[in-house]
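# Examination of the molecular architecture
Now for the letters of each chain:
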Amino acid sequence: ETAVFQTPNYHVTQVGNEVSFNCKQTLGHDTMYWYKQDSKKLLKIMFSYNNKQLIVNETVPRRFSPQSSDKAHLNLRIKSVEPEDSAVYLCASSPGQGGERLFFGHGTKLSVL
Amino acid sequence: AQSVTQPDARVTVSEGASLQLRCKYSYSGTPYLFWYVQYPRQGLQLLLKYYSGDPVVQGVNGFEAEFIKSNSSFHLRKASVHWSDSAVYFCAVSPNSAGNKLTFGIGTRVLVRP
């Protein structure tokens, strides 16, 4: 067993720029997620993919788009960042869709100036 | 919007003592409530979940939680802790039972002293 890897760890950018975050899991899990940790430190689901297919898409702005090339990878692109996008984004994976076991990456901290 | 409050960032208890971890949720619909545990260097593992019925839910390793709707609470309890219960405990709420739309609290770190 290894883990969930996210890059970059930090990213500083300006309003209107495009950013991409990468996530890879080497656990052989079928389901991957993107969570956003808000200013109150709450983790809120954004997207969930199962075997490359989108199964959960919470109410997030359209400038956010997940991309999955295979079940081990789930990237997140933000087309035109806004100040309120400043947050920590966490990638996670689980063996199935039920959230019985969840493994999180260390997060990508985005700062929008 | 749903949210979860875990007011205690850290709790220290002695081995054999009882433990209660507080969790309050906010959700306008029917909440589905979860407790997860994260042991050092491991992923989150589901301890128990509440969907409906008996408000006291039994979980693994002697843990139980009680859903009190009037108080919007879902506190976790264990009658007698063991040193191996030292971990971080997360409360979560979801709009469905599938567990794929979770909102997590910030977690409570529990240290059990021998």
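Quick look at the structure, then. (Residues numbered from 1 in each chain as written. Chains lettered and ligands numbered in written order. Predicted model: local features only at pLDDT ≥ 70, side-chain atom pairs only at ≥ 80, totals over all residues. Heavy atoms only, no water.)

## So, the state of the cysteines
Here is the idea: a disulfide is a covalent bond, and it sits between the sulfur atoms of two cysteines. Overall, the coordinates contain two disulfides over all chains when judged by the stated rule. The disulfide that involves Cys23 of chain A links it to Cys91 of chain A, with 1.9 Å between the sulfurs. For the disulfide bridge between Cys23 of chain A and Cys91 of chain A, the dihedral angle about the S-S bond is near -80 degrees, and by the sign convention the bridge is left-handed. Here Cys23 of chain A, found in strand β3 (residues 19-25), pairs with Cys91 of chain A, found in strand β9 (residues 87-94); they are 68 residues apart in sequence, far enough to count as distant. The residues Cys23 of chain A and Cys91 of chain A share a single accessibility class, namely buried. Across a sulfur-sulfur distance of 1.9 Å, Cys23 of chain B and Cys91 of chain B are joined as a disulfide pair. Judged by the sign of its S-S torsion, about -65 degrees, the bond between Cys23 of chain B and Cys91 of chain B is left-handed. Here Cys91 of chain B lies in strand β10 (residues 87-94) and Cys23 of chain B lies in the loop between β3 (19-21) and β4 (24-26), a separation of 68 residues in the sequence. With respect to burial, Cys23 of chain B and Cys91 of chain B carry one shared label: buried. (Disulfide = S-S within 2.5 Å. Helix = DSSP H or I, 4+ residues; strand = E, 2+ residues; numbered from the N terminus. Buried < 20%, exposed > 50% of the residue type's maximum accessible area, 1.4 Å probe, protein only.)

## Focus on the packing of aromatic side chains
Tallied over the entire structure, the rule returns 15 aromatic pairs over all chains. Pairing Phe64 of chain A with Tyr89 of chain A gives two aromatic rings, centres 6.2 Å apart and planes at 40 degrees, and the pair type is tilted. Residue Phe64 of chain A is found in strand β7 (residues 64-70), and its partner Tyr89 of chain A is found in strand β9; the two are separated by 25 residues along the sequence. Comparing Phe64 of chain A with Tyr89 of chain A, the two get one shared label, buried. Clustering of aromatic rings is evident, with ring pairs tying together Tyr33, Tyr35 and Phe104 of chain A together with Tyr32, Phe34, Tyr36, Tyr51, Phe90 and Phe104 of chain B. (Phe/Tyr/Trp six-rings, centres within 6.5 Å; stacked < 30°, edge-to-face > 60°.)

## Overview of the environment of Gln2 of chain B
Here Gln2 of chain B shows up in the segment before β1 (3-5). For the pair Gln2 of chain B and Cys23 of chain B, spaced 21 residues apart in the sequence, the C-alpha separation amounts to 13 Å. Setting aside its immediate chain neighbours within four residues, Gln2 of chain B contacts Lys44 of chain A together with Ser26, Tyr27, Val93, Ser94, Pro95, Lys101, Leu102 and Thr103 of chain B. Looking at Gln2 of chain B, its side chain comes within polar contact range of the main-chain oxygen of Val93 of chain B, at 3.3 Å. (Contact = heavy atoms within 4.5 Å. Polar contact = N/O pair within 3.5 Å; in protein donor to acceptor, adjacent residues only side chain to side chain.)

## A few points about the environment of Gln14 of chain A
When you line up the elements, Gln14 of chain A lands in the loop between β2 (10-13) and β3. Between the C-alpha atom of Gln14 of chain A and that of Glu82 of chain A, which follows or precedes it by 68 residues, the distance is 8.3 Å.

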